[in-house]
Each structure stands twice: as structure tokens, then as C-alpha cells.
Amino acid sequence: QVQLVESGGGLVQPGGSLTLSCATSGLALDDYTIGWFRQAPGKEREQVSCSENDGKTYYPDSVKGRFTISRDAAKNTVYLRMNNLKSDDTAVYYCASDLTSCYSDWQLWDYWGQGTQVTVSS
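Now for a quick tour of the structure. What you see is a predicted model, and the numbers here were worked out from it, not measured in a lab. Counting restarts for each chain: residues are numbered from 1 in the order of the written sequence. Only residues with pLDDT of at least 70 are given local features in this predicted model, and only at 80 or more are side-chain atom pairs given and counted; all residues enter the totals for whole chains, interfaces and linings. Each side-chain value is derived from all of the structure's non-hydrogen atoms; neither hydrogens nor water enter the calculation.

1. With respect to the sheet that holds strand 3 (residues 18-25)
Note the threshold: Between any two strands, at least two bridges found by DSSP are needed for them to pair. Helical segments are the DSSP runs of H or I of at least four residues, strand segments are the runs of E of at least two, and each set is numbered from the N terminus. As a rule, the C-alpha atoms of each element are fitted with a line to give its axis, helices using only the stretch in contact, and angles between N-to-C directions run from 0 to 180 degrees.
What the four strands build is an open sheet, ordered 1-3-8-7; its pairing is antiparallel. A single partner strand is all that each edge strand has here, and the edge strands are strand 1 (3-7) and strand 7 (67-72). Across the sheet, the mean angle from the axis of one strand to that of its neighbour is 20 degrees, orientation sign disregarded. In this sheet, strand 3 lies alongside strand 1 in antiparallel orientation, the contact comprising five bridges. When the sheet's bridge partners are listed, Val5 is paired in strand 3 with Ala23.

Printed below as a string of C-alpha cells:
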């Protein structure tokens, strides 16, 4: 019933910006915790942002100050704004949702999108 669809990935130059979208259905967006994760080849899936339904947000040090998560309830969509992108940001990015809080362990999240590729290269 719950569906998440990511979009907005692509190729961007170092220092550039990109906004990812996560279109949701089958859920009341304001009732859910929403997170963004990424996975690069040979690396574990890691959380890059999270938004709880009380408005609290979280970011790891690797992206803090560069990435921003936001919600548009009218469109049932969650966004990830990425600024000052670096080559290390290259990965497949996933959005996820849950009825609980911002767990960093991806295995605790119930719903996932299919992912969108972000490549940062000159």
C-alpha cells in the first residue's frame, strides 16, 4: 500500500547542486518519519538525512550544512536539497518511511523506494 518513488538524480559537477524528490502514496505524510539513505559501491547503506513528524531533522557530519530535507504536504512529496556536491556523494539515493523515529539502522525502516543515481564528476 505504501509506495515511495525517487526522482531527480543525474550527473552534476563538483560544487553543483541537485534536488531529489520522493513521491509518496498510501500514507499520511505528516504521520511518518521520512529518511534519505545512500549506498555507494562496496559501502554500506548510510543515512544522509531524516525528518520526524514533529519537525525534527537529523544529518550526519558528512553532509551537515550541505543537505536539507523538506516536505511538501500538498504534493505528498519529500525533497532532499544537496548543495556543494562532492565526488564522495556519488551513490544511489533512496528514500524511506516509517512510523517510528529516525533510526540510523536502515534495517529498522519499513518502506523503501527504488533509488535514484547521483553521480558527481567533472
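2. Describing unusual backbone geometry
Threshold: Throughout this description, buried means an accessible area under 20% of the type-specific maximum (1.4 Å probe, protein chains only), exposed means over 50%, and partly exposed covers the range between.
Here the phi dihedral of Asn76 falls at roughly 50 degrees; this positive angle occurs in a residue that is not glycine. By relative accessible area, Asn76 is classed as partly exposed at 32%. With phi around 50 degrees, Asn84 is a residue other than glycine that occupies positive phi space.

3. Section: the state of the cysteines
Basically, it comes down to this: The term disulfide is used for any two cysteine sulfur atoms that are within 2.5 Å.
Applying the stated rule across the entire model yields two disulfides. Disulfide pairing is shown between Cys22 and Cys95; the S-S distance is 2.1 Å. The chirality of the disulfide connecting Cys22 with Cys95 is right-handed, given an S-S dihedral of about 65 degrees. Of the two residues, Cys22 sits in strand 3 while Cys95 sits in strand 9 (residues 91-98), which places them 73 residues apart along the sequence. For the pair Cys22 and Cys95, a shared accessibility class is recorded, and that class is buried.

4. A closer look at the nonpolar core
Applied cut-off: Throughout this description, the term nonpolar core refers to a set of buried Ala, Val, Leu, Ile, Met, Phe, Trp, Tyr and Cys residues connected via side-chain atoms within 4.5 Å. By the convention used here, residues are in contact when the closest approach between their heavy atoms is within 4.5 Å.
Of all hydrophobic cores here, the largest spans 26 residues; its most connected members are Leu20, Trp36, Phe67, Leu80, Met82 and Tyr93. Among the elements of the structure, strand 3, strand 4 (33-39), strand 7, strand 8 (77-82), strand 9 and strand 11 (116-120) are those that each provide at least two residues to this core. Leaving out residues up to four positions away in the same chain, Leu80 has contacts with Leu18, Thr19, Leu20, Trp36, Val48, Ser49, Phe67, Thr68, Ile69 and Tyr93. Membership of the second largest hydrophobic core comes to five residues, among which are Phe37, Ala96, Cys102 and Trp109.

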